[in-house]
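# Understanding the architecture of this molecule
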Amino acid sequence: MMFIIRLVLNALALIIVANVIPGISIQSFPIAIIAAIVIGVVNALVRPILELLSLPITILTLGLFSLVINALMFGLAAWLTPGFNVMGFGPAFWGGLLYAVLATVISWMVSEKGANKA
């Protein structure tokens, strides 16, 4: 049940990102749910490999290159999901950053520890 709640909230966060950041669009709520799933899968499968390969440049930039990786993962998820469009690197960067912040807040709120504190 918690998975479904988290999925719906992440889809809502994605819709918020699409309304706040120009250059990002989502056609409908079901597409937002699919996009949230694709973002999760991309972050689970592709991101660790890309972070390992880019470790030297990430160390050289004191971790700031991980923001570029985040934007690339957001753009890849948009490319893989029909109806979820990101128009360039700038919107992918800011959209990925805002989505990461919102998803972190959602994860904290929905988790057992966060729910017990509220």
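Residues numbered from 1 in each chain as written. Predicted model: local features only at pLDDT ≥ 70, side-chain atom pairs only at ≥ 80, totals over all residues. Heavy atoms only, no water.

## Topic: the overall build of the chain
Our working definition: A run of DSSP states H or I qualifies as a helix once it reaches four residues; a run of E qualifies as a strand once it reaches two. Both are numbered from the N-terminal end. As a reference, a globule follows 2.2 Å times the number of residues to the power 0.38, and the radius of gyration itself is taken over C-alpha atoms. Classification of residues uses two cut-offs on accessible area relative to the type maximum, computed with a 1.4 Å probe and protein chains only: under 20% is buried, over 50% is exposed, and between them is partly exposed. We call two residues contacting when some pair of their heavy atoms lies within 4.5 Å. Per-residue accessibility takes into account occlusion by the displayed protein chains alone, with areas from the Shrake-Rupley method and a 1.4 Å probe.
A tally of helices and strands in the chain yields seven helices and two strands. Scanning the chain from its N terminus toward the C terminus, one meets helices and strands in the order α-β-α-α-α-α-β-α-α. The C-alpha atoms of the chain give a radius of gyration of 15 Å, which matches the 13 Å a tight globule of 118 residues would have. Once the C-alpha set of the chain is aligned to its principal axes, its extents read approximately 40 × 35 × 25 Å. Relative to its 118 residues, the chain shows a buried fraction of 34%. Across the chain, every contact between residues at least 6 apart in sequence was considered, and the portion connecting residues at least 24 apart equals 64%. Carbon and sulfur atoms form 77% of the exposed surface of the chain, whose accessible area is close to 7,100 Å².

## Some points on the environment of Ala35
Relative to the helices and strands, Ala35 is located in helix H2 (residues 29-45). By relative accessible area, which is 0% here, Ala35 ends up buried. Placed 53 residues apart in sequence, Ala35 and Gly88 show a C-alpha to C-alpha distance of 17 Å. Ignoring any residue separated from it by four or fewer positions in sequence, one finds Ala35 in contact with Leu14, Thr81 and Phe84.

## Comments concerning the nonpolar core
When a protein is soluble and globular, its nonpolar side chains tend to lie buried together. Operational definition: The term nonpolar core refers to a set of buried residues drawn from Ala, Val, Leu, Ile, Met, Phe, Trp, Tyr and Cys, joined through side-chain atoms within 4.5 Å.
If you look at the biggest cluster of nonpolar residues, it comprises 29 residues, and the most contacted ones within it are Leu14, Ile24, Phe74, Phe84 and Tyr99. At the level of elements, helix H1 (2-20), strand E1 (24-26), H2, helix H5 (65-80), strand E2 (84-86) and helix H6 (89-110) are the ones that each hand at least two residues to this core. Per-element accounting of this core gives the leading share, seven residues, to H2. Other than its neighbours up to four places away in sequence, Phe84 contacts Leu14, Ile24, Ser25, Ile26, Ile31, Ala35, Ile39, Phe74, Ala77 and Ala78.

## So, the environment of Asn85
Mapping Asn85 onto the fold places it in strand E2. Owing to a relative accessible area of 30%, Asn85 belongs among the partly exposed residues under this scheme. Asn85 sits 26 residues away from Ile59 along the chain, and the two C-alpha atoms are 31 Å apart. Among residues more than four places away in sequence, those in contact with Asn85 are Gly23, Ile24 and Ser25.

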